[in-house]
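# Coordinates in review
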Amino acid sequence: MNENRSFEDIFSSLQRLAEIREQEEGIFKRNSKTKCFCGRNDLISQQAEEFIDNDELESNQTKEPIYIQKNELTFKFAVCPACNPRIDCKMCEGTGHRILNKVHVYEAEDGETEEHLVEELSPNSCACMHTEHLVNLLNNADIPCKYMDADFINIKDEHLNSIQEKKLADNIQKIHSFCKQIAIKKLENYDKNLKYFVTLFGPVGSGKTLLAISALKMLIIEFGFSGKFVDFQFLLNQLKAEYEQNKSGEVLLNKLRNIDILVIDELGKGRNENEWQLEKLDDLINSRYNARKVTILTTNYLPPLYKYDEKDIPRNPNREISNYWGQEINNGKNQNIPIHESFWNQSLLERLGARMYERIYEVSEFIDFTGLPSFRKHIGKSFLNIYSSNHS
Ligand SMILES: [Zn+2]
Ligand SMILES: [Zn+2]
């Protein structure tokens, strides 16, 4: 019987065999279950079981299969090995590269034109590389590792009373909609009245940096912007080092001028800057102001019409005082309250000077954190865990 089978028969049965094997391998691949680190697999099975509220404040981290890879010494953002869309991508067969067909038109000797179809490899351009692209942007943003987990929906408020809880929730909503506005309007049309700076002001540890980084991450992950986090004092120190080496600081500053989203944390902190450093800083702010670049500032200095509550100001370190919310605090023993900082009685305007302040004022939304207690004070050493992790 076998001798009677035609060559085509044999060929097609071999092909079927190959297909079956391929399917089995596919099933095997899925069953062998690479561990999911990003929590997406859990989320998908959860969604199948129960209907999840479609809250406006969704987690960035569950939308893209991104997790924080913790090695012994380093923390970095990484694509979840189980959920990486590249693995099952049919467009590029998992390479991430795309082959583009390009038509080259030549003119032949007889004057006729000839068309040649040329295949060109376009590296890492397949749509499935999107997550990897976002991971690169996140890793280039210099987010301090203790804040890498920051996310609008992760922020804890257990230490707050109901008024404070409401204020923090409102602030989260404000900065969240700032980000959406920025992303939508910037991409669509030019809006003359669009505020493209946002200034988060208020006491130490009240969650400003957490929200600033949540915003930065959202703008990177959801909209693909490039971003950078800089600590104000660190930036001044870097500039100082440049100055001492007779360098212009231009390489450093150019990066900060051109990045889509810049976070400057603790603007105004410290008091040791010289004229040259201030000039460079002024130039940076001015350049972002002129170029309508999104800039997120956090600061302990308050705008002129705001004041820290008298009771909060540690004027007499030995006096037992109660803060605005009626809790007894002892500033003499409390290491977290910076007694010698000038922000208690100097405004942001006075600290930055009228020129810089007025520019910021013109294009910035201001979000008020005064009256919110410090995360640090209430949670002490577990400050690093103030946001619950999806993937602990
Ligand atoms: Zn995953
Ligand atoms: Zn692909």
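I will try to describe carefully the structure that is included in this document.

Definitions and limits used
Residues numbered from 1 in each chain as written. Chains lettered and ligands numbered in written order. Predicted model: local features only at pLDDT ≥ 70, side-chain atom pairs only at ≥ 80, totals over all residues. Heavy atoms only, no water. Helix = DSSP H or I, 4+ residues; strand = E, 2+ residues; numbered from the N terminus. Buried < 20%, exposed > 50% of the residue type's maximum accessible area, 1.4 Å probe, protein only. Areas by Shrake-Rupley, 256 points an atom, 1.4 Å probe, with all protein chains shown as cover. Donors = N, O, S within 2.8 Å, 3.2 Å for Na, K, Ca; no water. Tetrahedral: all angles 85-135°; square planar, octahedral: opposite > 155°, others 65-115°. Contact = heavy atoms within 4.5 Å. Pairing = 2+ DSSP bridges. Axes fitted to C-alpha atoms, helices over the stretch in contact; angles between N-to-C directions. Parallel < 35°, antiparallel > 145°, perpendicular 65-115°, else oblique. Left-handed = near helix turned anticlockwise from the far one by under 90°. Nonpolar A, V, L, I, M, F, W, Y, C, P; charged D, E, K, R; others polar. Patch = residues over 30% accessible without salt bridge, like charges linked within 9 Å, V, L, I, M, F, W, Y side chains within 5 Å. Salt bridge = Lys/Arg side-chain N within 4 Å of Asp/Glu carboxyl O. Lys, Arg positive; Asp, Glu negative; His and termini not counted. Charge placed at Lys NZ, Arg CZ, Asp CG, Glu CD. Polar contact = N/O pair within 3.5 Å; in protein donor to acceptor, adjacent residues only side chain to side chain.

All right, on to the overall build of the protein then. Assigned secondary structure in the protein consists of 12 helices and 11 strands. By the burial criterion, 43% of the 392 residues in the protein qualify as buried. Of the roughly 23000 Å² that the protein leaves accessible, carbon and sulfur atoms contribute 49%.

Donor atoms from the polypeptide that coordinate the zinc ion (ligand 1) comprise Cys 36 (SG), Cys 38 (SG), Cys 80 (SG) and Cys 83 (SG), at 2.2 to 2.5 Å from the metal. Viewed at the metal, the four donor atoms of the zinc ion (ligand 1) are separated by angles of 105 to 119°, and the geometry they form is tetrahedral. In primary-sequence terms, the residues that donate to the zinc ion (ligand 1) follow C-x1-C-x41-C-x2-C. Of this pair, Cys 38 sits in the loop between α1 (7-31) and α2 (40-49) while Cys 80 sits in the loop between β2 (75-79) and β3 (98-107), placing them 42 residues apart in sequence.

So, on to the environment of Leu 302. Mapped onto the fold, Leu 302 is located in the loop between β8 (294-299) and β9 (320-322). As a C-alpha pair, Leu 302 and Phe 201 span 101 residues in sequence and 6.0 Å in three-dimensional space. Other than its neighbours up to four places away in sequence, Leu 302 contacts Phe 201, Gly 202, Lys 307, Tyr 308, Ser 347, Leu 348 and Thr 370.

We now examine the coordination of the zinc ion (ligand 2). Coordination of the zinc ion (ligand 2) by the protein involves Cys 89 (SG), Cys 92 (SG), Cys 126 (SG) and Cys 128 (SG), with metal-donor separations of 2.2 to 2.3 Å. Given four donor atoms and angles of 106 to 114° at the metal, the environment of the zinc ion (ligand 2) is assigned as tetrahedral. Of note, the zinc ion (ligand 2) draws all its donor residues from one chain, in the sequence arrangement C-x2-C-x33-C-x1-C. Here the residue Cys 89 occupies a position in the loop between β2 and β3, and Cys 128 occupies one in the loop between β4 (113-122) and α4 (130-139), the gap between them amounting to 39 residues. Judged by relative accessible area, Cys 89 falls into the buried class, the value being 12%.

All right, on to unusual backbone geometry then. The phi angle of most residues is negative, glycine excepted, and most peptide bonds adopt the trans form. Positive phi values are uncommon outside glycine, yet Glu 93 reaches one of about 55°. Mapped onto the elements, Glu 93 comes out in the loop between β2 and β3. On the basis of relative accessibility, which here comes to 72%, the residue Glu 93 falls in the exposed class. One non-glycine residue, Asn 124, lies in positive phi territory at about 50°. Mapped onto the elements of the fold, Asn 124 is located in the loop between β4 and α4. Since its relative accessible area comes to 46%, Asn 124 is described here as partly exposed.

Looking now at the sheet that holds β8. Taken in spatial order, the five strands line up as β6-β7-β8-β5-β11 in an open sheet, and their pairing is parallel. The outermost strands of the open sheet, each flanked by one partner alone, are β6 (227-231) and β11 (364-368). Going from strand to strand, the sheet's axes swing by 15° on average, the running direction of each strand aside. Alignment of strand β7 (residues 261-265) against β8, held across four bridges, turns out to be parallel. Directly across from Val 263, in β8, lies its bridge partner Ile 296. The strands touched by helix α6 (residues 208-223) within the sheet are β5 (197-201), β6, β7 and β8, with β8 carrying the most contacts at an inclination of about 165°.

Another aspect to go through is the packing of helix α8 (residues 250-258) against helix α9 (residues 275-290). Relative orientation of the contacting elements α8 and α9 amounts to 30°, with a least axis distance of 9 Å. For the element pair α8 / α9, the angle class is roughly parallel. Judged by the sense of rotation from one axis to the other, the crossing of α8 with α9 is right-handed. Contacts from Glu 250, Leu 253, Leu 256, Arg 257 and Asn 258 of α8 reach α9 at Lys 280, Asp 283, Leu 284, Ser 287 and Arg 288. Along the lines of polarity and charge, the residues of the contact of α8 with α9 split into three nonpolar, two polar and five charged.

For the rest of this paragraph, the subject is a negative patch on the surface. Taken together, the side chains of Glu 109, Asp 110, Glu 112 and Glu 114 make up a negatively charged region of the molecular surface. If you trace the backbone, Glu 109 turns up in the loop between β3 and β4. A residue is classified by how much of its surface remains accessible, and Glu 109, at 88% relative accessible area, is exposed.

What follows concerns the pattern of salt bridges. Applying the stated criterion across every chain yields a total of 12 salt bridges. Asp 142 is the partner of Lys 228 in a salt bridge, and the nearest nitrogen-oxygen pair spans 3.5 Å. You can see Lys 228 sitting in strand β6 and its partner Asp 142 sitting in the loop between α4 and α5 (162-187), a full 86 residues away along the chain. Notably, a salt bridge pairs Lys 269 with Glu 266, separated by 3.7 Å at the nearest N-O pair. In the salt-bridge network here, residues are joined through shared partners; they are Glu 250, Arg 257, Lys 280 and Asp 283.

In this structure Lys 228 comes out as buried when scored by relative accessible area, which is 15%. Of note is the side chain of Lys 228, whose polar atom sits 2.9 Å from the backbone oxygen of Asn 140. Leaving out residues up to four positions away in the same chain, Lys 228 has contacts with Asn 140, Ala 141, Asp 142, Leu 216, Leu 256, Ile 259, Ile 261, Leu 262 and Val 263.

For the rest of this paragraph, the subject is α4. All buried positions along α4 are accounted for by Thr 131, Glu 132, Leu 134, Val 135, Leu 137 and Leu 138. In the core, the buried residues of α4 are packed alongside β1 (66-70), β2 and α6.

Before going further, it helps to spend a moment on the pairing of β4. Taking burial as the measure, the 10 residues of β4 include one buried ones, a minor fraction of the element. Bridging between β3 and β4 involves 10 bridges; their strand directions are antiparallel. Opposite Asn 101, over in β4, you have Glu 119 as the bridge partner. Here β3 folds back onto β4 in antiparallel fashion, the turn holding five residues, of which Gly 111 has a positive phi close to 90°.

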